[in-house]
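Listed below are the residues making up each chain.
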Amino acid sequence: SQTIHQWPATLVQPVGSPLSLECTVEGTSNPNLYWYRQAAGRGLQLLFYSVGIGQISSEVPQNLSASRPQDRQFILSSKKLLLSDSGFYLCAWRDPYEQYFGPGTRLTVT
Amino acid sequence: AQSVAQPEDQVNVAEGNPLTVKCTYSVSGNPYLFWYVQYPNRGLQFLLKYITGDNLVKGSYGFEAEFNKSQTSFHLKKPSALVSDSALYFCAVIGDSNYQLIWGAGTKLIIKP
C-alpha cells in the first residue's frame, strides 16, 4: 500500500532563516505530487504541484520554491522566511482522481 | 468560474442525530466530487468520491453523500452522529483537465454528547 511521509512534524524558525520541508511517497511510482498550505485551520491553498522529476508548477507567487529531485521526493524550500509563511504545510499525491495527504508540518515563524 | 461552496462555517448536532454538511459546486462539464475530513493537527483523510454512477455514494466511517445534478449539490450525510465525528470537513471538485482539486472553505462539525 502507499504511504506518504512528511518531516519535520513541527518547526519553529526565525524570520529570515531558510526552510526545507521534505515529502516522500512509498508504494507508487511517478506520482503527481502537491504542496498545500493551510492557515488558521481552514482553507487549503495550493502552492506547487509536480507531474514528474524536475517538473514544478507554481500556483502562487511567493518566496517559496519547490523541487523534485527524485521520483517520490518533493521538497518545499525558502531562502528567507517571512512571518506570513507560518501555517500548516501538507503534501499530497494523486491516485487516480482523489488526493491522499501526509501528516503535515506545522511551521511557526517567529 | 469553477468553484465549491460550503455555506455553513459550523454545524452543531447532538450525538445520535442525523447530520448533513452542505456542499454546492460550479464546474463546466461533469463534476468529479470529493469529501475529506481533517482532525486537529492532522492531514486530510479521504472519505468518499462521486465520479459517475449511483447518485448515493457510501464512504468511510458510515458517511455517505448524495450527488444532485439539478441542484449542483453534493451534501455529506450520516444517519447517526458520533462525538468522534467532530472535525473539519472539506468538499472538493476537480476543476480542469489537469485534475486539480478546487476546495471548499471547510465546515467545522461539532457533535455534542
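These figures come from a predicted structure and were not determined experimentally. (Residues numbered from 1 in each chain as written. Chains lettered and ligands numbered in written order. Predicted model: local features only at pLDDT ≥ 70, side-chain atom pairs only at ≥ 80, totals over all residues. Heavy atoms only, no water.)

(A) Quick look at the overall build of chain B. A tally of regular secondary structure across chain B gives 0 helices and 12 strands. Written out in order from the N terminus, the α and β elements of chain B read β-β-β-β-β-β-β-β-β-β-β-β. Scaling as 2.2 N^0.38, a compact globule of 113 residues should have a C-alpha radius of gyration of about 13 Å, and chain B matches this with 13 Å. With the principal axes as the frame, chain B shows a C-alpha extent of 45 × 30 × 20 Å. A total of 113 residues make up chain B; the buried ones form 44% of that total. If you sum the accessible surface of chain B, you get close to 5400 Å²; carbon and sulfur atoms cover 48% of it. (Helix = DSSP H or I, 4+ residues; strand = E, 2+ residues; numbered from the N terminus. Rg over C-alpha atoms; globule rule 2.2 N^0.38 Å. Buried < 20%, exposed > 50% of the residue type's maximum accessible area, 1.4 Å probe, protein only. Areas by Shrake-Rupley, 256 points an atom, 1.4 Å probe, with all protein chains shown as cover.)

(B) Examining the pattern of salt bridges more closely. This structure, assessed with the given rule, holds 7 salt bridges over all chains. A salt bridge links Arg42 of chain A to Asp9 of chain B, with the shortest nitrogen-to-oxygen separation between them at 3.4 Å. Taken together, the residues Arg42 of chain A in the loop between strand 4 (32-38) and strand 5 (44-52) and Asp9 of chain B in the loop between strand 1 (3-5) and strand 2 (10-14) connect one chain to another. The exposure class assigned to Asp9 of chain B is exposed, which follows from its relative accessible area of 52%. (Salt bridge = Lys/Arg side-chain N within 4 Å of Asp/Glu carboxyl O.)

(C) The interface of chain B and chain A, seen in detail. Taken together, the contact between chain B and chain A spans 24 residues of the former and 21 residues of the latter. Here chain B and chain A share an interface that buries about 1700 Å² over both sides, 53% of which is from carbon and sulfur atoms. If you look at where chain B meets chain A, you find 8 residue pairs in polar contact (both at pLDDT 80 or more). Where the side of chain B that touches chain A is concerned, the elements lending two or more residues are strand 5 (33-38), strand 6 (44-50), strand 10 (87-94), strand 11 (101-103) and strand 12 (107-112) of chain B. (Contact = heavy atoms within 4.5 Å. Buried area = accessible area lost by both parts, 1.4 Å probe. Polar contact = N/O pair within 3.5 Å; in protein donor to acceptor, adjacent residues only side chain to side chain.)

(D) Focus on the side chain of Thr24 of chain A. All names here are of chain A. In this structure, Thr24 sits in strand 3 (residues 19-26). The exposure class of Thr24 is buried, given its relative accessible area of 16%. For Thr24, the contacting residues outside a window of four places in its chain are Thr3, Ile4, His5, Trp7, Arg72 and Gln73.

(E) Examining the pairing of strand 8 (residues 64-68) of chain B more closely. Residues and elements named next belong to chain B. Taken together, the 3 bridges between strand 7 (residues 56-58) and strand 8 define a ladder with antiparallel strand orientation. Looking across to strand 8, one finds that Val57 is bridged to Ala65. The turn linking strand 7 back onto strand 8 is made up of 5 residues, and Tyr61 within it adopts a positive phi angle of 60°. A loop of 4 residues connects strand 8 with strand 9 (residues 73-78), the two strands running antiparallel in sequence, and Thr72 in this loop sits at a positive phi of about 45°. (Pairing = 2+ DSSP bridges.)

(F) Geometry of the state of the cysteines. Applying the stated criterion to the full structure yields 2 disulfides over all chains. Shown here is the disulfide that connects Cys23 of chain A with Cys91 of chain A, its sulfur atoms set 2.0 Å apart. In this structure, the disulfide formed by Cys23 of chain A and Cys91 of chain A twists by about -75° around the S-S bond and is classed as left-handed. Linking Cys23 of chain A in strand 3 with Cys91 of chain A in strand 9 (residues 87-94), this pair joins segments that are 68 residues apart in sequence. The residues Cys23 of chain A and Cys91 of chain A share a single accessibility class, namely buried. Between the sulfur atoms of Cys23 of chain B and its disulfide mate Cys91 of chain B the distance is 1.9 Å. Residues Cys23 of chain B and Cys91 of chain B are joined by a disulfide whose S-S torsion is about -65°; by sign, that bridge is left-handed. Here Cys91 of chain B lies in strand 10 and Cys23 of chain B lies in the loop between strand 3 (19-21) and strand 4 (24-26), a separation of 68 residues in the sequence. (Disulfide = S-S within 2.5 Å.)

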